[in-house]
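What follows is each chain in one-letter form.
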Amino acid sequence: MSRGSGKGQSLKDKLDGNELDLSLCDLNEVPVRELAALPKATILDLSCNNLTSLPSDFCSLMHLVKLDLSKNRLQQLPLDFGRLVNLQHLDLLNNRLVTLPVSFAQLKNLKWLDLKDNPLDPVLAKVAGDCLDEKQCKQAAVKVLQHMKAIQSEQDRQRQRKLQAEREMEKKREAEQRAKEAQERELRKREKAEEKERRRREYDAQKAAKQEMEKKTKKETVQTRKPASSSRPSQPPRHKHSWSQSVLRLLLFVLLCVLCTLAACRLTELQRQPLCISVNTLYEDVLAALQNHKTLQNLLQQNSQQ
């Protein structure tokens, strides 16, 4: 049947009210598309087939109320099996199930469950218990739902803790990033300050060098002008010396003139002239005044002897 054509028509022919019986059809896969076209089929019997898994789109058959998957070879149920929220009766007898998906806890309307003859996890097997009568199957549904809800809650808590840890890790990374950025900003600020200080030192050094150069230039200028200025004061002594020589020469000339006049007035016939008389008189007065000085007297004596 699963390999033939016209599946839709065949399924529709098998529909009896709201019950669709596909048991013992040697099915290897579930005709989900055809089943989705029959929303009236709220009771589906897929028992005694060769099903090893259910496709993920099987969980779109949310109209199912009763589902019989017993005596297949199912190893697991789809992860979103809990989408079948209207499911009340579920028969999973004699399959190869070990665990149930966590979403199983969402089957809030489930009232009847049979998990016998499955290699269940020991904890799950203990929770499910036997399903030998109606009461036990109902208890199995309640207990398994509670167990799966506990697992779901624990997983939610684990996810929450993981999410919280991830958030804290993210906050830590953000804090580290902010600290790193702050450190980089501080480093850039310090480097900028150091660069500014370096430029300031260079500026001060250049300014000091410029001032030193100006001072040196000024000093050299002063030193260059100093010989000229020092030579100027040396000139007055030369002028003074020349002036003294000139005065001396003048005095010698005057003295020579006086001696010549005196000689002329005393030794020549001009001694009788009024000028010579005055000169001779002055000469005699001077000699009389100087005779008291021995040195001059001796000198005069020598001159007289001569």
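Note that the structure is predicted; figures quoted are calculated from it, not measured.

Undergrad: In this structure, what is going on with the overall build of the protein? I would like to understand it.
TA: If you tally the helices and strands in the protein, you get 6 helices and 6 strands. Counted from the first residue to the last, the protein has its helices and strands arranged as α-β-β-α-β-β-β-β-α-α-α-α. Across the 306 residues that make up the protein, the buried fraction comes to 24%. Counting contacts in the protein only where the partners sit at least 6 residues apart, residues at least 24 apart contribute 34% of the total. When the accessible surface of the protein is summed, it comes to about 21,900 Å², and 53% of that surface belongs to carbon and sulfur atoms.

Undergrad: Help me understand the nonpolar core in this model?
TA: Side chains of a nonpolar character, in soluble globular proteins, are inclined to be buried together. Membership of the largest hydrophobic core comes to 42 residues, with the highest contact counts inside it found for Leu46, Phe58, Leu67, Phe81, Leu100, Phe104 and Val144. At the level of elements, helix 2 (32-36), helix 3 (122-128) and helix 4 (134-267) are the ones that each hand at least two residues to this core. Examining the composition of this core, we find that 4 residues originate from one element, helix 4, more than from any other.

Undergrad: What should I look at first to understand the side chain of aspartate 45 in this one?
TA: Mapped onto the elements, aspartate 45 comes out in strand 3 (residues 43-45). Salt bridges are absent for the buried aspartate 45, whose nearest opposite-charge side chain, lysine 66, sits at 8.1 Å. A distance of 2.7 Å separates a polar atom in the side chain of aspartate 45 from a polar atom in the side chain of serine 47. Other than its neighbours up to four places away in sequence, aspartate 45 contacts Leu20, Asp21, Leu22, Ser23 and Asp68.

Undergrad: Even after reading the chapter, I still don't get the sheet that holds strand 4 (residues 66-68), so can you show me in this structure?
TA: Hydrogen bonds along the backbone pair up the strands of a sheet, which may run parallel or antiparallel. Taken in spatial order, the 6 strands make up an open sheet running 1-2-3-4-5-6, and their pairing is mixed. Each end of this open sheet is capped by a strand with a single partner; those strands are strand 1 (15-16) and strand 6 (112-114). Strand direction decides the pairing type here: strand 5 (residues 89-91) and strand 6, joined by 3 bridges, are parallel. Of the residues in strand 6, the one forming a bridge with aspartate 91 is aspartate 114.

Undergrad: Can you help me understand the state of the cysteines in this one?
TA: What we call a disulfide is simply a covalent bond connecting the sulfur atoms of a pair of cysteines. Throughout the structure, instances matching the rule amount to 1 disulfide. Disulfide partner of cysteine 131: cysteine 137, at an S-S distance of 1.4 Å. Every disulfide takes its handedness from the sign of the S-S torsion; for cysteine 131 and cysteine 137 that torsion is 100°, giving right-handed. Overall, the relative accessible area of 2% leaves cysteine 137 in the buried class.

Undergrad: Is there a simple way to think about a nonpolar patch on the surface in this case?
TA: A grouping of Leu248, Leu250, Leu252, Phe253, Val254, Leu255, Val258 and Leu259 is seen on the molecular surface, where their side chains present a nonpolar patch of about 750 Å² in accessible area. Within the secondary structure, valine 258 is located in helix 4. Overall, valine 258 belongs to the partly exposed group, its relative accessible area being 45%.

Undergrad: What is the right way to look at the packing of aromatic side chains in this model?
TA: Both the distance between ring centres and the angle between the ring planes are used here to describe each pair of aromatic rings. Scanning all chains against the criterion turns up 1 aromatic pair. With centroids separated by 6.1 Å and ring planes inclined at 5°, the aromatic side chains of phenylalanine 81 and phenylalanine 104 adopt a geometry described as stacked. With phenylalanine 81 in the loop between strand 4 and strand 5 and phenylalanine 104 in the loop between strand 5 and strand 6, this pair connects stretches of sequence that are 23 residues apart. In this pair, the class of phenylalanine 81 matches that of phenylalanine 104, namely buried.

Undergrad: Would you explain the pattern of salt bridges in this entry?
TA: Close approach of charged atoms allows side chains with opposite charge to pair. Evaluation of the coordinates by the stated rule reveals 12 salt bridges. Linking glutamate 195 and arginine 198 is a salt bridge whose minimum nitrogen-to-oxygen distance equals 2.3 Å. Of the two residues, glutamate 195 and arginine 198 are both situated in helix 4; the distance of 3 residues between them amounts to about one turn of the helix. Close ionic contact of arginine 199 with glutamate 195 constitutes a salt bridge, the shortest N to O distance being 3.8 Å. Taken as a pair, arginine 199 and glutamate 195 lie in helix 4 at a separation of 4 residues, close to a single helical turn. With relative accessibility at 45%, the residue arginine 199 sits in the partly exposed group. Residue classification places glutamate 195 among the partly exposed positions, given a relative accessible area of 31%.

About the cut-offs
- Residues numbered from 1 in each chain as written.
- Predicted model: local features only at pLDDT ≥ 70, side-chain atom pairs only at ≥ 80, totals over all residues.
- Heavy atoms only, no water.
- Helix = DSSP H or I, 4+ residues; strand = E, 2+ residues; numbered from the N terminus.
- Buried < 20%, exposed > 50% of the residue type's maximum accessible area, 1.4 Å probe, protein only.
- Contact = heavy atoms within 4.5 Å.
- Areas by Shrake-Rupley, 256 points an atom, 1.4 Å probe, with all protein chains shown as cover.
- Core = buried A, V, L, I, M, F, W, Y, C linked by side-chain atoms within 4.5 Å.
- Lys, Arg positive; Asp, Glu negative; His and termini not counted.
- Salt bridge = Lys/Arg side-chain N within 4 Å of Asp/Glu carboxyl O.
- Polar contact = N/O pair within 3.5 Å; in protein donor to acceptor, adjacent residues only side chain to side chain.
- Pairing = 2+ DSSP bridges.
- Disulfide = S-S within 2.5 Å.
- Patch = residues over 30% accessible without salt bridge, like charges linked within 9 Å, V, L, I, M, F, W, Y side chains within 5 Å.
- Phe/Tyr/Trp six-rings, centres within 6.5 Å; stacked < 30°, edge-to-face > 60°.

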